[in-house]
Amino acid sequence: MSMNRREFMQLLTTAAAGGMALHGEFARAADAADRMYELPRFGNVSLLHFTDCHAQLMPIHFREPDVNLGIGDMFGRPPHLVGENLLRHFGIAPGTAQAHAFTCLDFAQAARTYGKVGGFAHLSTLVKRMRASRPGALLLDGGDTWQGSGLALWSKGQDMIDACKLMGVDVMTGHWEFTYGAERVRQVVDGDFKGKIDFVAQNVRTTDFGDQVFPPFVIKPINGIPVAIIGQAFPYTPIANPRYFTPEWSFGINDETLQEHADAARAQGAQVVVVLSHNGMDVDLKMASRLRGVDAILGGHTHDGMPAPTIVKNGSGQTLVTNAGSNGKFLGVLDFDVKNGKVSDFRYHLLPVFSNLIPADADMSALIAKMRAPHEAKLGERLAVTEGVLYRRGNFNGTFDQLILDGLMKMKDAEIAFSPGFRWGTSLLPGDPITMENLLDQTAITYPYTTLTQMSGELIKTILEDVCDNLFNPDPYYQQGGDMVRVGGLQYRCDPAGKMGGRISAMTLNGKPLEAAKTYRVAGWAPVSEEARNAGGEPIWDLMARYLRDVKVVKPLELNLPQLQGVAGNPGMA
């Protein structure tokens, strides 16, 4: 089903008449909806792109970061801009719906004004709207789609697989999908997706003979113009996630082979070549400078909602690099004008998906309701209520992360706690209940084991240094794209621009210096080792559910943050 402009606006009007609160700032946003979502057709090749939705089928709140530091060559350039610095760079007016979508500014008040974002039923309506004005447009899924919710975990991603098929995804690559195991991924690609969705990943090969596991690229015609989509799965999957999920597959950046595939696609007649990437934006920017003949890299993994592409000059001209945010709250629309066998011009828009401004698609709503129905009671269990904003996003900590740290230390009787620097996880507003669904939005993974380990002060420093280097290494190819491990109990100093092994200092516990030779009780979760899997360990959601039921009311949390050095004036801090 396609949807023309008149039908779209009729649906919007109907939704408003049905009870949508159209007053004040929201009324102005509603008045602007026609302009926001009415994009004139441009050129003859259109690509629609979403990424990192993390299994969020329902509308949610998601707070963008207030800290996303750029170090060295990355200082002051996208994606390392937050708050007012981002607004100024991209020319977005403060206090608008777009300002709320792209920044954390006045988050709680703006979230109440503009409502929730995303939701596959609303995203589906917008996709149909764009396709109606752009015949032949392809819908590209950048990965991290099957993971991030309780429903996805319990169904091994089947809820998202069915939703993506219904929405009409054409091409996909992956990352967290692999944490369901190689067998499950192959089952979906060879079964559910066969003849419907192309799963491409040029950088995934067998560990024995180096054979291609998935097709490296696919060529599809758009209005008679051959368009190549090359897949780039997350290159550090066996490091960032347990190796035992994909023991016979190798990953890596592999930009040399990517270049070979780009050349092969051109040789096969492709007039447009695009990389569907899950590298992370800094990696994509470096890769773009090294490639030839690639028109655009549509990126994901680092959850950076970038209102405009970065244009990277290289040996063959230029490559556009984009990143389309996360949690289903954005849809990227890339239009190319192709003349004489090559791209002559482009237009790009990253559209916020405001669920109060976009009516829900009936078919998708029905599918979601059917899939959720058997689980609604469990998902809806109220564990506690929050008096402050709960979020997870920022280089060093978030309030939901702090809540998990506090729970780990309390329930494990630990002196120190570590929690992974995951960038997925929805946000809650003051006064919201914390449901089991909300908790699973933060914790739903296939290796949820909690741990209590005796660690020396020396080992603790080594862990912090290693994770910090993954985040702030001056060479993007050595970054893994997450945030700093969240730390409870322990205080420390961090110099992001320091040298490897020298970024972490002044570690103290209860006001006393951490001793290198002394051991400490450290709680954690999400271990990647096979030994930890074999040992088991209570799932993090069970531990935290007990903690929250006991707490009942979560007071506003004070973040345990490191003392930062050398970051004064960095536009990656709000």
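Structural data are supplied above this passage.
Q: I'm lost on the sheet that holds strand 15 (residues 382-386) in this one. Help?
A: For sheets, the rule is that strands pair by backbone hydrogen bonds, running either parallel or antiparallel. Pairing is mixed in the open sheet, where three strands are placed in the order 17-15-24. Of all the strands in the sheet, the pair left with one neighbour each is strand 17 (433-435) and strand 24 (553-554). Note that strand 15 and strand 17 share three bridges and pair antiparallel. Paired with A384 across the strands is I434, a residue of strand 17.

Q: What's the story with the sheet that holds strand 25 (residues 563-564) in this structure? I'm lost.
A: Sheet architecture is open: four strands sit in the order 22-21-20-25, paired in mixed fashion. The outermost strands of the open sheet, each flanked by one partner alone, are strand 22 (512-513) and strand 25. Sitting on the sheet, helix 18 (residues 457-472) touches strand 20 (490-494) and strand 21 (504-509), and the angle it makes with strand 21 is about 135°.

Q: Can you walk me through the environment of S316 in this structure?
A: Considering the arrangement of structural elements, one finds S316 in the loop between strand 11 (310-314) and strand 12 (317-323). Sequence separation between S316 and I463 is 147 residues, and the spatial gap between their C-alpha atoms is 41 Å. Setting aside anything within four residues of it in sequence, one finds S316 in contact with L291, R292 and G293.

Q: Could you clarify how one ought to interpret the layout of surface pockets in this entry?
A: Here the idea is plain: a probe the size of a water molecule rolls over the atoms and shows the empty space left. Counted as a void, the largest pocket has a volume near 1100 Å³. Taken together, 40 residues form the lining of the largest pocket, with A240, P420, V467, A526 and V528 sitting closest to its centre. Secondary structure elements with two or more residues in the lining of the largest pocket: helix 11 (237-240), strand 16 (416-419), strand 18 (450-456), helix 18 and strand 23 (519-525). Per-element tally for the lining of the largest pocket: the top contributor is helix 18, with seven residues.

Q: Can you walk me through empty space enclosed by the protein in this structure?
A: According to the stated counting rule, one finds four cavities of 30 Å³ or more in the structure shown. Each pocket or cavity is described by its volume, and for the largest cavity that value is around 190 Å³. If you go around the largest cavity, you meet 23 residues; those closest to its centre are H80, D282, T302, Q479 and G481. Contributing elements (two or more residues each) for the lining of the largest cavity: helix 13 (281-290) and helix 18. Of the residues assigned to the lining of the largest cavity, the class counts are eight nonpolar, 12 polar and three charged. Counting contributing residues per domain, the lining of the largest cavity is built from domain 1 (39-60 + 116-370) and domain 2 (380-564), each supplying no fewer than three.

Q: Would you mind going over the pattern of salt bridges with me for this structure?
A: Oppositely charged side chains may form a pair once their charged atoms are brought near each other. Evaluation of the coordinates by the stated rule reveals 30 salt bridges. Between R292 and D263 there is a salt bridge; the shortest N-O distance is 3.5 Å. Of the two residues, R292 sits in the loop between helix 13 and strand 10 (296-299) while D263 sits in helix 12 (residues 255-267), which places them 29 residues apart along the sequence. Between R486 and D401 there is a salt bridge, and its shortest N-O distance comes to 3.1 Å. With R486 in strand 19 (residues 486-488) and D401 in helix 16 (residues 399-412), this pair connects stretches of sequence that are 85 residues apart. According to the relative accessible area criterion, D401 is buried, its value standing at 0%. Through salt bridges that share partners, D304, R393, R423 and D483 make up one connected network.

What counts, and at which threshold
Residues numbered from 1 in each chain as written. Predicted model: local features only at pLDDT ≥ 70, side-chain atom pairs only at ≥ 80, totals over all residues. Heavy atoms only, no water. Pairing = 2+ DSSP bridges. Helix = DSSP H or I, 4+ residues; strand = E, 2+ residues; numbered from the N terminus. Contact = heavy atoms within 4.5 Å. Axes fitted to C-alpha atoms, helices over the stretch in contact; angles between N-to-C directions. 1 Å grid on protein atoms, 1.4 Å probe; cavity = no way out; pocket = protein on both sides within 12 Å on 5 of 7 lines; lining within 4 Å. Points joined across faces, edges and corners; volume = space filled by probe spheres on them. Nonpolar A, V, L, I, M, F, W, Y, C, P; charged D, E, K, R; others polar. Domains from an automatic or database assignment. Salt bridge = Lys/Arg side-chain N within 4 Å of Asp/Glu carboxyl O. Buried < 20%, exposed > 50% of the residue type's maximum accessible area, 1.4 Å probe, protein only.

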